[in-house]
Amino acid sequence: MSQKQPLWYKNAVFYQVNVRAFFDSNQDGHGDLPGLTQKLDYIQNLGIDCLWIMPFYPSPLKDDGYDISDFYNIEAKYGTLDQFRTLIQAAHKRGIRIIIDMIMNHTSDQHDWFQQARADRNSPYRDFYVWSDTKDKYKEARIIFLDTEESNWSWDDLAQQYYWHRFYASQPDLNYDNPKVRETMLDVMRFWLKLGIDGFRADAIPYLFEREGTNCENLPETHAYLKEIRSMIDHEYPNCILLAEANQWPQKVREYFGDGDEFHMGFHFPVMPRIFMSLKKGDRTSLQWIVDQTPPIPENCQWCIFLRNHDELTLEMVTEGDRQWMWQEYAPDPRMKINLGIRRRLAPLLDNDPVKIRLINALLFSLPGAPIIYYGDEIGMGDNILLFDRNGVRTPMQWDQSLNAGFSQTTPEKLYAPIITQAPFDPEHVNVTDQLKNPDSLLNFTQRLVKIRKQNSTFGSGNLEWCNIADLAILAFKRNYHNETIVVINNLSDGVKEVRLKEPGLSGIPTDLISLQSRPDFKNGNIQLVLDPYQFIWLKYEKLDD
Ligand code: GLC
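Let me begin by describing the structure that accompanies this report. (Residues numbered from 1 in each chain as written. Predicted model: local features only at pLDDT ≥ 70, side-chain atom pairs only at ≥ 80, totals over all residues. Heavy atoms only, no water.)

**Considerations on the overall build of the chain**
Secondary structure assignment for the chain yields 16 helices and 21 strands. Radius of gyration (C-alpha) of the chain: 23 Å, near the 24 Å computed for a compact globule of 546 residues. In terms of its C-alpha atoms, the chain occupies a principal-axis envelope of roughly 80 × 55 × 50 Å. The buried share of the chain, taken over its 546 residues, is 63%. Put simply, 68% of the contacts in the chain that link residues at least 6 apart link residues at least 24 apart. (Helix = DSSP H or I, 4+ residues; strand = E, 2+ residues; numbered from the N terminus. Rg over C-alpha atoms; globule rule 2.2 N^0.38 Å. Buried < 20%, exposed > 50% of the residue type's maximum accessible area, 1.4 Å probe, protein only. Contact = heavy atoms within 4.5 Å.)

**Focus: the site of the ligand**
Among the 13 residues in the neighbourhood of the ligand, the closest are listed as Asp63, Asp203, Glu245, His310 and Asp311. His310 has a polar side-chain atom sitting 2.9 Å from an oxygen atom of the ligand. Separating an oxygen atom of the ligand from a side-chain N or O atom of Arg390 is a distance of 3.0 Å. The protein chains hide 96% of the 310 Å² of surface that the ligand would expose on its own. Split by residue class, the shell around the ligand holds three nonpolar, three polar and seven charged. (Near = heavy atom within 4 Å. Polar contact = N/O pair within 3.5 Å; in protein donor to acceptor, adjacent residues only side chain to side chain. Areas by Shrake-Rupley, 256 points an atom, 1.4 Å probe, with all protein chains shown as cover. Nonpolar A, V, L, I, M, F, W, Y, C, P; charged D, E, K, R; others polar.)

**Focus: the sheet that holds strand E17 (residues 484–491)**
Sheet architecture is open: five strands sit in the order E15-E16-E17-E21-E19, paired in antiparallel fashion. Each end of this open sheet is capped by a strand with a single partner; those strands are strand E15 (463–466) and strand E19 (511–512). Here E17 pairs with strand E21 (residues 536–542) via seven bridges, running antiparallel. Within E21, the residue paired with Thr485 across the bridge is Tyr541. (Pairing = 2+ DSSP bridges.)

**Considerations on the packing of helix H6 (residues 179–194) against helix H7 (residues 220–236)**
Interhelical geometry of H6 versus H7 gives an angle of 35° and a closest axis separation of 11 Å. By crossing handedness, the relation of H6 to H7 is classed as right-handed. Residue-level contacts link Val181, Arg182, Met185, Leu186, Met189, Arg190 and Leu193 of H6 to Tyr225, Glu228, Ile229, Met232, Ile233 and Glu236 of H7. Grouping the constituent residues of the contact of H6 with H7 by class yields nine nonpolar, no polar and four charged. (Axes fitted to C-alpha atoms, helices over the stretch in contact; angles between N-to-C directions. Left-handed = near helix turned anticlockwise from the far one by under 90°.)

**Section: the pattern of salt bridges**
A full pass over the atoms with the stated rule returns 37 salt bridges. Asp101 is the salt-bridge partner of Arg201, the closest N and O atoms lying 2.7 Å from each other. A residue pair is termed long-range when its members are at least 10 positions apart, and Arg201 in strand E7 (residues 199–203) and Asp101 in strand E3 (residues 97–103) qualify at 100 residues. Judged by its relative accessible area of 0%, Asp101 is buried. (Salt bridge = Lys/Arg side-chain N within 4 Å of Asp/Glu carboxyl O.)

**Here we look at helix H15 (residues 442–455)**
Spanning 14 residues, H15 covers 20 Å between terminal C-alpha atoms, matching the ideal 20 Å at 1.5 Å per step. Listed as buried for H15 are Leu442, Leu443, Asn444, Phe445, Thr446, Leu449, Val450, Ile452 and Arg453. (Expected span 1.5 Å × (residues − 1).)

**Regarding the nonpolar core**
If you look at the biggest cluster of nonpolar residues, it comprises 158 residues, and the most contacted ones within it are Tyr15, Phe84, Met104 and Trp192. If you look at the next biggest cluster of nonpolar residues, it comprises 16 residues, including Ile489, Phe522, Ile527 and Ile537. (Core = buried A, V, L, I, M, F, W, Y, C linked by side-chain atoms within 4.5 Å.)

**Thoughts on the sheet that holds E3**
Hydrogen bonding along the main chain pairs the strands of a sheet, whether they run parallel or antiparallel. With respect to topology, eight strands assemble into a closed barrel ordered E1-E2-E3-E7-E8-E9-E10-E14, the strand pairing being parallel. Averaged over all pairs of adjacent strands, the angle between their axes in this sheet comes to 25°, without regard to strand direction. Across four bridges, E7 lies against strand E8 (residues 241–244) in parallel orientation. By the bridge assignment, Phe200 is partnered in E8 with Leu242.

**What to know about the packing of helix H9 (residues 271–281) against helix H13 (residues 354–366)**
At a minimum axis distance of 11 Å, the contact between H9 and H13 shows a crossing angle of 135°. Here H9 is positioned oblique relative to H13, judged by the angle of their axes. Helix-helix and strand crossings are classified by hand; for H9 and H13 the assignment is right-handed. Counted together, Ile275, Phe276 and Leu279 of H9 and Lys356, Leu359, Ile360 and Leu363 of H13 form the full contact between these two elements. The residue inventory of the contact of H9 with H13, partitioned by class, reads six nonpolar, no polar and one charged. (Parallel < 35°, antiparallel > 145°, perpendicular 65-115°, else oblique.)

**Overview of the environment of Gln398**
Among the secondary structure elements, Gln398 is positioned in the loop between strand E14 (370–374) and helix H14 (432–437). A relative accessible area of 0% places Gln398 in the buried class. Put simply, Gln398 and Pro427 are 29 residues apart on the chain and 6.0 Å apart in space, counted from C-alpha to C-alpha. One polar contact links the side chain of Gln398 to the main-chain carbonyl oxygen of Phe425, over a distance of 3.1 Å.

**Here's the deal with H9**
The buried fraction of H9 amounts to nine of the 11 residues, a majority that puts the element mostly inside the structure. For H9, the complete set of buried residues consists of Val271, Met272, Pro273, Arg274, Ile275, Phe276, Met277, Ser278 and Leu279. Where the residues of H9 are buried, they touch helix H10 (285–293), strand E10 (302–306), strand E11 (313–314), helix H11 (320–330), helix H12 (346–349) and H13. Gly282 sits one or two residues past H9 and shows a positive phi near 60°.

**Some remarks on the environment of Asn215**
Secondary-structure assignment places Asn215 in the loop between E7 and H7. Of the residues examined, Asn215 reaches a relative accessible area of 37% and is grouped as partly exposed. Along the sequence, Asn215 and Ala141 sit 74 residues apart, while their C-alpha atoms lie 4.3 Å from each other. If we skip the residues at most four places from it in the chain, Asn215 touches Glu140, Ala141 and Arg166. Here Glu217 takes part through its backbone nitrogen, which lies 3.1 Å from a polar atom of the side chain of Asn215.

**Considering the packing of aromatic side chains**
Evaluated as defined, the whole model comprises 45 aromatic pairs. Taking NZ or CZ as reference, Lys39 lies 4.1 Å from the ring centre of Trp399, over its face. One cation-aromatic arrangement involves Arg358 over Phe445; the distance from NZ or CZ to the ring centre is 5.0 Å. (Phe/Tyr/Trp six-rings, centres within 6.5 Å; stacked < 30°, edge-to-face > 60°. Lys NZ or Arg CZ within 6 Å of the ring centre and 35° of its normal.)

**Examining the side chain of Thr107**
In this fold, Thr107 is placed in the loop between E3 and helix H5 (112–119). Thr107 sits in the buried class, given a relative accessible area of 0%. A distance of 2.8 Å separates the side chain of Thr107 from the side chain of Tyr129, its partner in a polar contact. Apart from the residues lying within four places of it in its own chain, the contact partners of Thr107 are Ile68, Phe71, Trp113, Tyr129, Ser170, Gln171, Pro172 and Leu174.

Written as structure tokens, this is what we have:
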């Protein structure tokens, strides 16, 4: 990809894709790399700048591939390294970059390193993992997979010791105090960078090191090592990026940007539940609060914002009271709950209401940060709460109304997961082909948002300034960049709202970015309008002379 755009990620739109779920090219019931390659035209047509591809490494798939058994290969069900090379070339030809999941914190217990480590105390791999004779160490570290795990220590009969794991017991943590581990993981990254990828979504990074008397998260040692990775990338693969998965408060995530010398990007976890909260309450307070809590970040860094992903809608970053409220409002059936979150997709969470779905996407595309779309949410796919763990939000992509929603030609019993069959989310109602034909579809709306966003770098690079409106149901802000201001006004409520806004700093006649009509009635920042329930408007003012 072009070496001339070092800050390409600041204005990029990302798309998160699960190879297993996208398109099955060889009729074995699993999506695969050639299948994803075949569907690149679709992704290009949507306007995507960068794909985040979820783990495709060899894996027993006890955590859907986040349990890696070989860092240097591709899971046979998904394809081969050659097919991955082809995918990268085909994506780059279309101007689409690719970042891949890198799971540094742990391996699968099936990984050869762990097998050797547990079998022999003198193996050089013994010290690749964290062992103890008792379960007494690191007591202050929380348990993340609360529904399944009772402790971060598990006993291994063969090893005759306990091993440390922050996630499933089948995912032993690597020991980053061992320089060999640190070196090996740098080499793993080099291996994939050399194949031509554009960076990594670095999984679970707060937990790399453990220290007694701490909660074993965000430790200085962790930051020091992450800076080493960044330095390797800057020297050897400039233009490639690191995206941090650190489910933490903004002040803590801020540390992962360093002085612009650690991560290029970081997910903004706490903003996500508050978007849902504000929308359900018809009250901007919590969303506005978290945006105000978000510290500035270095010029060469960017937040990544999202509405949903492959995990539960996490409620780790809200108060206990808000968590209970979110569960009550968004997870009325107990099966929708998992750990500290909600395992549902975007469209069902919003009662499949097109007006709310459009508004929430408009928020995603106008708030500070680069947006990520989770595969299938651009067509409003549903979920299946009967499936185990978080699998209900990872069902096959619905391409058309044919057999298996056009995802695979195999018999339905062979699919890795069943297609959603219940109306209104079944392929008859939700599929790509029909939505491409319908100018009013969610897919076409999303495509339009992507296009507008990319034509207006103010969304990616501008600051945010709140507009002064008393009615808490209205969330209004300005995004300012150079001589341009985009005024964004959202009605978060189910009532019709009259909005009056005087922004004397703005001059000229704005353009409505969605309809592309000029609005002489809003000249010089005098805005007076009536918004329908959940309606929004984006008005662009350009200063002609300074
Ligand atoms: C990350 C992934 C999640 C996985 C966990 C353990 O949080 O998003 O899917 O289960 O790491 O690897």
